[in-house]
Amino acid sequence: MHLRFSSRPARRVLALLVICTSPVALAQTADGLTLTAAYSLRHDDNLFRLPDGVDAQAALGRPSAAETIDISSVGLRYGKSHSLQRIELGVSLVDYRYRTYSRLDLLATNYDVTWRWALTPRLRGTLVAERDESVNSFNDTSVLTRGNQRVRRYQGFDAQYELDGLWRLVGGVQSTRNQNEQPLVGEDSYTLRSVDMGLRYEARSGSSVTARLRNGSGNTFNGAVLPSTLRDEEFNQREQVLDVRWLLSEKTTAELNLVHFDRTHARLALRDYSGTNTALSLRWAATAKTLWTLQWASDLSSYQTTNASYARTERLTATGLWQVAARTSLQASVSESRRRYLGAPPGQQPDTQRDATRDASLGLRWNATRNLSLNASLQRTQRSGNRPGIAFSSTQAVVGVSLLTNP
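Residues numbered from 1 in each chain as written. Predicted model: local features only at pLDDT ≥ 70, side-chain atom pairs only at ≥ 80, totals over all residues. Heavy atoms only, no water.

Enquirer: What should I look at first to understand the nonpolar core in this one?
Expert: The biggest cluster of nonpolar side chains holds 16 residues, and the ones touching the most others in it are Leu 47, Phe 48, Tyr 96 and Leu 104. For this core, the elements supplying multiple residues, two or more each, are helix H2 (56-60), strand S2 (67-82), strand S3 (85-98) and strand S4 (106-120). At 3 residues, S3 tops the list of elements feeding residues into this core. Apart from residues no more than four positions distant in its own chain, Tyr 96 is found in contact with Asp 70, Ile 71, Asp 105, Leu 106, Ala 108, Glu 133, Ser 134 and Val 135. (Core = buried A, V, L, I, M, F, W, Y, C linked by side-chain atoms within 4.5 Å. Buried < 20%, exposed > 50% of the residue type's maximum accessible area, 1.4 Å probe, protein only. Helix = DSSP H or I, 4+ residues; strand = E, 2+ residues; numbered from the N terminus. Contact = heavy atoms within 4.5 Å.)

Enquirer: Would you mind showing me how to read the pattern of salt bridges here?
Expert: Here the idea is simple: oppositely charged side chains can pair when their charged atoms come close. Under the criterion given, the structure shown has 23 salt bridges. We note a salt bridge from Arg 231 to Glu 233, for which the minimum N-O separation is 3.6 Å. Note that Glu 255 and Arg 283 form a salt bridge whose closest N and O atoms lie 3.6 Å from each other. Of this pair, Glu 255 sits in strand S11 (residues 252-264) while Arg 283 is found in strand S12 (residues 273-287), placing the two residues 28 residues apart along the sequence. Exposure remark for Glu 255: the relative accessible area of 7% places this residue in the buried category. (Salt bridge = Lys/Arg side-chain N within 4 Å of Asp/Glu carboxyl O.)

Enquirer: What am I meant to see in the packing of aromatic side chains here?
Expert: A ring pair, where both rings are aromatic, is described by two values, the distance of the centres and the angle of the planes. In this structure the tally under the stated criterion is 8 aromatic pairs. With centroids separated by 4.8 Å and ring planes inclined at 65 degrees, the aromatic side chains of Phe 48 and Phe 138 adopt a geometry described as edge-to-face. A residue pair is termed long-range when its members are at least 10 positions apart, and Phe 48 in the loop between strand S1 (32-44) and H2 and Phe 138 in the loop between strand S5 (123-135) and strand S6 (149-162) qualify at 90 residues. Taken individually, Phe 48 and Phe 138 each receive the classification buried, so the pair is uniform in this respect. Ring centres of Trp 117 and Phe 157 lie 5.6 Å apart, and the angle between their planes is 0 degrees; this geometry places the pair in the stacked category. Of the two residues, Trp 117 sits in strand S4 while Phe 157 sits in strand S6, which places them 40 residues apart along the sequence. One aromatic cluster is present, built from ring pairs that chain together Phe 48, Tyr 101 and Phe 138. Its end group placed over the ring of Phe 235, Arg 263 keeps NZ or CZ at 3.8 Å from the ring centre. (Phe/Tyr/Trp six-rings, centres within 6.5 Å; stacked < 30°, edge-to-face > 60°. Lys NZ or Arg CZ within 6 Å of the ring centre and 35° of its normal.)

Enquirer: Just to check I follow, could you spell out the pairing of S4 for this structure?
Expert: One face of the sheet, then the other: side chains in a regular strand alternate in exactly this way. Summarising the sheet, S3 and S4 pair through 11 bridges and their orientation is antiparallel. What sits directly across from Gly 90, in S4, is Asp 112. Two elements, S4 and S5, share 9 bridges in a ladder whose sense is antiparallel. Considered in S5, the bridge of Arg 116 is made with Thr 126. (Pairing = 2+ DSSP bridges.)

Enquirer: What should I look at first to understand unusual backbone geometry in this one?
Expert: Trans peptide bonds make up the majority, and among non-glycine residues the majority have a negative phi. Notably, Arg 49 is not glycine yet its phi reads approximately 50 degrees, a positive angle. For Arg 49, the position within the fold is in the loop between S1 and H2. Overall, Arg 49 belongs to the buried group, its relative accessible area being 11%. The backbone of Ser 83 sits at a positive phi, close to 55 degrees, despite the residue not being glycine. With respect to the helices, strands and loops of the structure, Ser 83 is situated in the loop between S2 and S3. A relative accessible area of 70% means that Ser 83 is categorised as exposed.

Below you can see the structure in the form of C-alpha cells.
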C-alpha cells in the first residue's frame, strides 16, 4: 500500500523520510539523467553472528569475529514522460570489500525498469522488472566459510480501470525469484509466479480499500538437505488479500494489510499449511519536522526442517524522525521480533525452539549541499532463545557519503 499525505506538514516530513533512508538521497526518478555515487565504511563486531560464549579462534581461525567493510556504489537513473506514458530506468554497481574475510567480496549488479503505461486516462498500470543483489545477514546461515550472496529478481504487470470516480478494477501478474548462495536454516531459495484480480474503492479523502484474489505456484531449491519423505519442492498458493488505507486526520494515517492463504504440496500434504498474515501501521506527522511510525506484523512463512514446516513471526517496530536543522535530520528506531516453529511432520517431535530478536538504531544525516550528503549510524542487535547456540549480539557502525548530479 502507498501512503498519501493530504497536508503540507505531512508532505514535508515524508520528503524528509525519503531523504533519510535513500542511499543517494533520491526521492524518485527525476526527468532526465541523474548520476549517483556513494561510499560507506561499515564495522561489525560480530559479522558471523557467533553465539555468545563461542571462541572465535576455534570457529573462524581468527581471534575476532569483527569485520570492516568498504562499500562503494555508482549508478544512474533516467526518467522521461511522453503523453500518458512514463519510463523510469535505474542501474547500479555496488562493490563490497571485506578487509579480513576477502572471500566474501562481492560486486553486485542491480537494475530496475518501470513503464507507467496508460491506454486512456481511465485504463493504466505499470510494467516492472527488477534485480537486487546484496549480502545476506549471517543470522541463520549454516556454513561460515562460504559466500553469502542473495539475488532477488522480480517482474510484474498490473493494471487498473476506473469504473467511475470511486471504484476501480485491479489486476496483475507477478514473478519472483529469491536465491541464496548458501542454504539458510529453515529458509529455502524459491520462485513464485502468481496472478491476481480485485476491486478498489478510493474515497475523495484519500482513504481506500482494496480486495483481491490471488493464485500462485512455485518451487523451492538450494534448501537444507532433508530426506525425500520430508521434502516437497513444488507448491501452490491461494490468497485472499485486503488492503485498507485510512486517513484519520491531516496528520495521521493508518494502514492494514490482511492476507489469508493456503499453501499446498501435491506430493507431501504433511507440509501444507494455512493462516492469516497481518500488518498494521500508524503514521503521525506530529509537526512539520517530526514523524512517528508504529508498525506491527504477524507472518506465517515456510520453514521446512526435520521438526517444523512453517514459522510464525511477530514483529513490533517504532520509528521517530526529526529534522533538527535545515540540513540535518535524525532517525531512531527500536524493534522486537519473536519467532516460533510449527507444523511438525507426523512422527517427528515438535520444534520447541523460541527466539526473540531486538534491534535499536540511531542515524544522523547532513545534507552538506543540494547534491552532497554525509551520514552516520549505529545499530545494536541482540537475539535470545530457549536453546544453547541461539543467542548472539552485534554492534554495527556506519559512516558514509553520497553524491548525485544531473549532467
